[in-house]
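Structural overview
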Amino acid sequence: MPNFVQGNTNVSFVDSELRRTPRTPRGVPITSPSSLVFEIEGPSGVGKTSTLTSAVAQFVVSNYHTYHEAVLANDEATEMSGQVVVIDTECGVFPAPLKSVLEAKILSALNKQALDHQCREMVEWAMQRIHIIRPSSTAGGIAALESLRHKLSTVNPLNQNGKISQHHQITPAPTLLCLDSLSAFHYHDKYVDNLGDFKDKTANGVQSGLNDFFLLLTRLRNSCDVVVFATKPHLYRKKNENSTSILWNNSVTHSVTLNNVIDGGDEDRAGYDKVAVSCDGTTTTPFKFDGRGGIL
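1. Quick look at unusual backbone geometry
- Of note, the amide linkage connecting Asp180 to Ser181 takes the cis form, showing an omega dihedral of -5 degrees.
- Summarising the element assignment, Ser181 is placed in the loop between β4 (175–180) and α9 (183–193).
- If you check the backbone angles, Asn111 has positive phi at about 55 degrees while not being a glycine.
- If you trace the backbone, Asn111 turns up in the loop between α6 (95–110) and α7 (117–128).
- Exposure remark for Asn111: the relative accessible area of 67% places this residue in the exposed category.

Structure below.
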């Protein structure tokens, strides 16, 4: 399991949550990176996408040495591992800010003060490993997942023990799948649920587009080496959860909730403007963003 998954994202509150015992809603042991689903929740404007962007940049940079080892070993499958796919439903992930965060991460990793030829080459390499998809509907998101599953299953499929089934000289890095955000899918599902008797019915009963999306996401995680990071806004929760929300919640292994600080509170006086609350509510971490998208 790569260091990133073990809790080295360079985002303190994300790392703290990753180092906790993962949630296992159905008693399923967390035995492989593909079991990890990290949820970043919070209202609009608290930095969910910025936190996700920082994690994406660190994930790519942390796999740089694995890539070069694979090149030297002529291990093409491992060389192509460690890619990032961002399903951006709200058009909030842009290449320019992402590149800026990558530059800062690479300078820190190489212990340099200014970008030189080596840094610029590394930035370009990193950008080529990040793929942003912007589906216009839940059906588009489903198509993106199925296309990703088909691609990955031909490269690094998992066997029944959750291990990479192909022989590799170097352990391949997982694929990082980012969903930003789940809100678009939620509202689509809410619309379908309101259709009542006009809903499409299948042999398995009433299914919504969001149900199909999460079922396919589970299929992808079961067949390929994929780590999932997702952002989710604070949504109205019904007293009785619907099947779709249960399906997602049963997949989440780690989560944090982001909020703005209270005006005049301790965190505000200390110069912070955001706080991250751990899944169990026992730890609150103040933070702020620097001028290049990094997290302090």
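Having seen the structure, we can now continue with the description.
2. Considerations on empty space enclosed by the protein
- Going through the model one piece at a time under the given rule, you end up with one cavity of 30 Å³ or more.
- Put simply, the largest cavity is a space of about 50 Å³.
- The wall of the largest cavity is formed by Phe13, Ser16, Glu17, Arg20, Val256, Ala276, Val277, Ser278, Thr283 and Thr285.
- Put simply, the parts of the chain that give the lining of the largest cavity at least two residues each are α2 (12–18) and β9 (274–278).
- Broken down by class, the residue content of the lining of the largest cavity amounts to four nonpolar, four polar and two charged.

3. Remarks on the pairing of strand β1 (residues 37–41)
- Of all the five residues making up β1, five are buried; the element is thus mostly covered by neighbouring parts of the structure.
- Of the two faces of β1, the one carrying Val37, Glu39 and Glu41 and the one carrying Phe38 and Ile40 are both buried.
- Across five bridges, the pairing between β1 and strand β7 (residues 226–232) is parallel. Paired with Glu41 across the strands is Lys232, a residue of β7.
- The pairing of β1 with strand β8 (residues 254–260) spans four bridges and is parallel.

4. Focus: the pattern of salt bridges
- In the structure shown here, the tally under the stated rule is seven salt bridges.
- Taken together, the salt bridges that share partners define one network made up of Glu146, Arg149 and Arg219.

5. Some details on the nonpolar core
- The biggest cluster of nonpolar side chains holds 42 residues, and the ones touching the most others in it are Phe13, Val84, Leu176 and Phe229.
- Among the elements that make up this core, the one with the highest residue count is helix α3 (residues 48–62) (seven residues).
- If we skip the residues at most four places from it in the chain, Val84 touches Val56, Phe59, Val60, Arg129, Ile130, His131, Leu176 and Cys178.
- Ranked by size, the runner-up nonpolar core spans 23 residues in total, among them Leu145, Leu179, Leu182 and Leu216.

6. Here's the deal with the packing of aromatic side chains
- Taken as a whole and judged by the stated rule, the model has seven aromatic pairs.
- Here the aromatic rings of Tyr64 and Trp125 are separated by 4.9 Å at their centres, their planes lie at 80 degrees, and the arrangement is edge-to-face. Of this pair, Tyr64 sits in helix α4 (residues 64–72) while Trp125 sits in helix α7, placing them 61 residues apart in sequence.
- Residue Tyr64 is classed as buried on the basis of its relative accessible area, which comes to 16%.
- The class for Trp125 is buried, based on a relative accessible area of 11%.
- A centroid spacing of 5.1 Å and a plane angle of 45 degrees characterise the contact between Tyr67 and Trp125, whose relative ring orientation is tilted. Pair noted here: Tyr67 is in helix α4 and Trp125 is in helix α7, with a separation of 58 residues, a long-range link.
- By relative accessible area, Tyr67 is classed as buried at 19%.
- Members of the aromatic cluster, connected to one another through ring pairs, are Phe13, Phe287 and Phe289.

7. Here's the deal with α4
- Considered for burial, the residues of α4 that qualify are Tyr64, Thr66, Tyr67 and Ala70. The buried residues of α4 occupy an angular sector of 165 degrees when projected down its axis, which confines them to one face. Within α4, the exposed residues directed more than 90 degrees away from the buried face are His65 and Leu72.
- Packing partners of the buried residues in α4 comprise α3, α5 (76–79) and α7.
- Looking one or two residues past α4, Asn74 carries a phi angle of roughly 60 degrees, positive in sign.

8. Thoughts on the environment of Thr218
- Note on placement: Thr218 falls in helix α10 (residues 209–223).
- Using a relative accessible area of 24% as the deciding quantity, one classes Thr218 as partly exposed.
- Taking the C-alpha atoms as reference points, Thr218 and Ser251, 33 residues apart in sequence, are found 7.9 Å from one another.

9. Re the confidence of the model for the protein chain
- On average, residues of the protein chain carry a pLDDT of 80, and 75% of them reach 70 or more.
- With pLDDT under 50 throughout, residues 198–207 is counted as low confidence; its partners more than four residues away or in other chains account for nine contacts.

Conventions and cut-offs
- Residues numbered from 1 in each chain as written.
- Predicted model: local features only at pLDDT ≥ 70, side-chain atom pairs only at ≥ 80, totals over all residues.
- Heavy atoms only, no water.
- Helix = DSSP H or I, 4+ residues; strand = E, 2+ residues; numbered from the N terminus.
- Buried < 20%, exposed > 50% of the residue type's maximum accessible area, 1.4 Å probe, protein only.
- 1 Å grid on protein atoms, 1.4 Å probe; cavity = no way out; pocket = protein on both sides within 12 Å on 5 of 7 lines; lining within 4 Å.
- Points joined across faces, edges and corners; volume = space filled by probe spheres on them.
- Nonpolar A, V, L, I, M, F, W, Y, C, P; charged D, E, K, R; others polar.
- Pairing = 2+ DSSP bridges.
- Salt bridge = Lys/Arg side-chain N within 4 Å of Asp/Glu carboxyl O.
- Core = buried A, V, L, I, M, F, W, Y, C linked by side-chain atoms within 4.5 Å.
- Contact = heavy atoms within 4.5 Å.
- Phe/Tyr/Trp six-rings, centres within 6.5 Å; stacked < 30°, edge-to-face > 60°.
- Arc of directions from axis to C-beta.
- pLDDT = per-residue confidence, 0-100.

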